[in-house]
Amino acid sequence: MTDYGHELQFGIFPSPDADRAEDVLAMSEAADVGGLDLVTIQDHPYQAKHLDALTLLSVIGARTTSVRVALNVANLPLRPPVVLARSIATLDRLTGGRVELGLGTGAFWDAIVAAGGPRRSPGEAVTALEEAIEVVRGVWSGHGSVRVDGEHYRVQGLHAGPAPAHDVEIWLGAYKPRMLRVTGRLADGWLPSLGYAAPETLSAMNATIDEAAERAGRSPAAIRRLYNIHGRFGSGAGLLAGGPRDWAEQLAEITLDQGMSTYILAVNRVEDVERFAAEVAPLTRELVDAERQRASARPAADAELTADAGPGAAGSEDQRPLEVRSAPSGTLVPAEVWDESTRPSAPFDPDERFTASQQATGQHLVDVHDHLRGELERLRDVVEQVAQGEVDAGRARNIINELTMRQNNWTLGAYCASYCRVVTGHHTLEDRSMFPHLRHSDPQLAPVIDRLEQEHHVIHDVLEQVDRALVQMVSGEQGTAVVREAVDLLSATLLSHLSYEERELVPALSRHGFA
């Protein structure tokens, strides 16, 4: 049983049929409004019946506000890596950091050759892919020169840039052992398809990826596990048949047993996109979250049964749940949101000095937090824009403005849901990787880390409050005031938590590094 603890994500995989361009855009917009995470497009530049994938992704990016877009997967032999890197970086900047890159070695070699591309053996194709990843990441660095002296790609002294707006992930479509090992060493994600890798085969492939990652000094949990899936809603038995509950139970089982956590559904109707977003995705999250909570509660229950009843033992007053005081509406960071007197402090040596390299390690945590702070400000701006839109619609009493208001509300909901999942994913990574490393490296940090882990659980509950407030607003039960209050509380709890974590852990990270 392998569950990497990744945040669950969901997306779609519409076929880029040239005769159904408006349908593809409609499905993409439905994914955005419904709160899905991804819209991905296959890339077969030699296929006369397909729209060009990168051009299509650009239009999808312009027509949506929250959903991320990606090639699934880029046809490397017909996409020179320098041009591909700059195209992806450009689109990422223009969409506000909403682009990822699926990458493959190529297939259908007769068609590739017919389109002017090279013919490569399986071994040559993998080598070319490794070189291309080096080229792409060199361009994305945005500074210095790119130099790759490979067998298939030679880049000598090219000026790097532009850098993308965020750290674009590279996902590899991989099945054979060598490609799986490349995924473990170099990739940010693994992207197989159900048609080529049945669920019962995933565990062995994951093991190959994990072993390669560990040999490269990486945590297997650093590699996202994505899965292209297909199915049919309705009656029937078998994999991904029947109703949304059947789908959710099967996907939850694949997550908990096989480690997959991002599901990308092949679709050809808006109705299927809406059903996947509104029913399958939340049901799957609910099932996985419940099982993960049960799994995490079992060790805690065992510890409580065996621990001494002294100070600090499980069940003692020192272990009572943390509470967050309510934040008054309109107050960004009330000082009383956390009880500062209960927060432990790490040992501090005022005379300790760090090298520039050590300081950069601690600064990385601050950089990640700054991104979350910036996103939180954007979230607050979106809330205020929607509130203003509601006032205009109410005065006009115009059915068109009402529809615009509804669109704004759902767009806000999709954006907030995406942001909440980013925060939760960041905290999960800390809980499962960085914190254990620091506990081992410096046992005196244990009280601080215990407190930070407790605060993560509290912030998760606050994020759930934001989500519930959005549902109430969209359904018409409440106005935007309830969302404002929920976002105020999120701002207060999260910003205070980030500052506390930096104050206590930046010196430790400079001293001990990340896991």
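Calculation rules
Residues numbered from 1 in each chain as written. Predicted model: local features only at pLDDT ≥ 70, side-chain atom pairs only at ≥ 80, totals over all residues. Heavy atoms only, no water. Pairing = 2+ DSSP bridges. Helix = DSSP H or I, 4+ residues; strand = E, 2+ residues; numbered from the N terminus. Contact = heavy atoms within 4.5 Å. Axes fitted to C-alpha atoms, helices over the stretch in contact; angles between N-to-C directions. Parallel < 35°, antiparallel > 145°, perpendicular 65-115°, else oblique. Left-handed = near helix turned anticlockwise from the far one by under 90°. Core = buried A, V, L, I, M, F, W, Y, C linked by side-chain atoms within 4.5 Å. Buried < 20%, exposed > 50% of the residue type's maximum accessible area, 1.4 Å probe, protein only. Salt bridge = Lys/Arg side-chain N within 4 Å of Asp/Glu carboxyl O. Nonpolar A, V, L, I, M, F, W, Y, C, P; charged D, E, K, R; others polar. Phe/Tyr/Trp six-rings, centres within 6.5 Å; stacked < 30°, edge-to-face > 60°. Lys NZ or Arg CZ within 6 Å of the ring centre and 35° of its normal. Patch = residues over 30% accessible without salt bridge, like charges linked within 9 Å, V, L, I, M, F, W, Y side chains within 5 Å. Areas by Shrake-Rupley, 256 points an atom, 1.4 Å probe, with all protein chains shown as cover. Lys, Arg positive; Asp, Glu negative; His and termini not counted. Charge placed at Lys NZ, Arg CZ, Asp CG, Glu CD.

## Digging into the sheet that holds strand 8 (residues 189-190)
The pairing of strands in a sheet happens through backbone hydrogen bonds and is either parallel or antiparallel.
Piece 1. Pairing in this closed barrel of 8 strands is parallel, and the strands run 1-2-3-4-7-8-9-10 around the ring.
Piece 2. Strand direction decides the pairing type here: strand 7 (residues 170-172) and strand 8, joined by 2 bridges, are parallel. Residue pairing across strands places L172 opposite W190, the latter belonging to strand 8.
Piece 3. Sheet strands in contact with helix 7 (residues 199-215) are strand 8 and strand 9 (224-229), and its direction is about 150° off that of strand 9.

## Regarding the packing of helix 1 (residues 21-33) against helix 2 (residues 53-63)
Piece 1. Two elements in contact, helix 1 and helix 2, have axes separated by 10 Å at closest approach and are oriented at 45°. With respect to their mutual orientation, helix 1 and helix 2 come out oblique. As helix 1 packs across helix 2, the resulting crossing turns out to be right-handed. Of the residues in helix 2, those touching helix 1 at E22, V24, L25, S28 and E29 are L56, V59, I60 and R63.

## Thoughts on the nonpolar core
Piece 1. L101, Y263 and F276 are the most contacted members of the largest nonpolar core, which totals 79 residues.
Piece 2. With sequence-adjacent residues up to four places away left out, Y263 is seen in contact with L8, Q9, F10, G11, Y227, I229, L251, I254, T255 and F276.
Piece 3. Grouped together as the second largest cluster of nonpolar side chains are 23 residues, V337, L372, V462 and V482 included.

## Quick notes on helix 6 (residues 177-186)
Piece 1. Every buried residue of helix 6 is accounted for by M179, L180, V182, T183 and G184.
Piece 2. In this structure, the buried residues of helix 6 make contact with helix 5 (122-140), strand 7, strand 8 and helix 7.

## Here's the deal with the pattern of salt bridges
Piece 1. Applying the stated criterion to the full structure yields 30 salt bridges.
Piece 2. Across the pair R185 and E130 runs a salt bridge whose closest N-O atoms are separated by 2.5 Å. In this pair, R185 sits in helix 6 while E130 sits in helix 5, placing the two residues 55 residues apart along the sequence.
Piece 3. You can call R185 partly exposed: its relative accessible area is 37%.
Piece 4. One salt bridge connects R511 with D442, and the closest N-O pair in it is separated by 3.9 Å. Here R511, found in helix 13 (residues 480-512), pairs with D442, found in the loop between helix 11 (399-441) and helix 12 (446-475); they are 69 residues apart in sequence, far enough to count as distant.
Piece 5. Since its relative accessible area comes to 31%, R511 is described here as partly exposed.
Piece 6. Relative accessible area serves as the criterion here: at 13%, D442 is assigned to the buried category.
Piece 7. Each of E340, R343, R451, E455, R503 and E504 takes part in salt bridges that share partners, so that together they form one network.

## Here we look at the packing of helix 2 against helix 3 (residues 81-94)
Piece 1. Look at helix 2 against helix 3: their axes get within 11 Å of each other, and the N-to-C directions meet at 10°. Viewed along their axes, helix 2 and helix 3 adopt a mutual orientation that is roughly parallel. Here helix 2 contributes L54, L57 and S58 to the contact with helix 3, which in turn contributes L84, S87, I88 and L91.
Piece 2. Across the contact of helix 2 with helix 3, the residue classes break down as 5 nonpolar, 2 polar and no charged.

## Looking at unusual backbone geometry
It is generally the case that most residues other than glycine have a negative phi and that most peptide bonds are trans.
Piece 1. The peptide bond linking N72 to V73 adopts the cis configuration, its omega dihedral lying at 0°.
Piece 2. When you line up the elements, V73 lands in strand 3 (residues 68-75).
Piece 3. Between G161 and the following residue, P162, the backbone shows a cis peptide bond with an omega angle of 0°.
Piece 4. Residue placement: P162 occurs in the loop between strand 6 (154-159) and strand 7.
Piece 5. Even without glycine at this site, F108 takes up a positive phi of about 55°.
Piece 6. On the secondary structure map, F108 appears in the loop between strand 4 (99-104) and helix 4 (109-114).
Piece 7. Taking the relative accessible area as the measure of exposure, F108 reaches 54% and is therefore exposed.

## Regarding the packing of aromatic side chains
Given two aromatic rings, one states the distance between the centres and the angle between the planes to describe the pair.
Piece 1. Under the counting rule described, the total for this entry stands at 6 aromatic pairs.
Piece 2. Judged by centre distance (5.8 Å) and plane angle (75°), the ring pair of F10 and F276 falls under edge-to-face. Of this pair, F10 sits in strand 1 (residues 9-12) while F276 sits in helix 9 (residues 270-306), and the two are 266 residues apart along the sequence.
Piece 3. Overall, F10 belongs to the buried group, its relative accessible area being 0%.
Piece 4. Plain terms: the ring middles of Y175 and Y196 are 5.8 Å apart, the flat faces sit at 55° to each other, and that makes the pair tilted. With a gap of 21 residues between them, Y175 in the loop between strand 7 and helix 6 and Y196 in the loop between strand 8 and helix 7 connect regions that are remote in the sequence.
Piece 5. By relative accessible area, which is 66% here, Y196 ends up exposed.
Piece 6. The rings of F10, F233, W247, Y263 and F276 are connected pair by pair, giving a single aromatic cluster.
Piece 7. Positioned above the aromatic ring of Y4 is the side chain of R225, whose terminal nitrogen or guanidinium carbon lies 4.1 Å from the ring centre.

## A closer look at the pairing of strand 5 (residues 145-149)
Piece 1. Across the two faces of strand 5 the burial differs, with V146 and V148 buried and S145, R147 and D149 not buried at all.
Piece 2. The pairing of strand 5 with strand 6 spans 5 bridges and is classified as antiparallel. Residue pairing across strands places V148 opposite V155, the latter belonging to strand 6.
Piece 3. Turn length for the strand 5-strand 6 hairpin, with the two strands adjacent in sequence and antiparallel, is 4 residues.

## Focus: the environment of V135
Piece 1. Summarising the element assignment, V135 is placed in helix 5.
Piece 2. In this structure the C-alpha to C-alpha distance between V135 and L158, which are 23 residues apart in sequence, comes to 9.9 Å.

## Describing a negative patch on the surface
Piece 1. On the surface, E286, D289, D461, E464 and D467 cluster together into a patch of negative charge.
Piece 2. Of all elements in the fold, only helix 9 and helix 12 reach the threshold of two or more residues within the negative patch.
Piece 3. The element contributing the most residues to the negative patch is helix 12, with 3 residues.
Piece 4. The partly exposed category is assigned to D461, whose relative accessible area is 45%.

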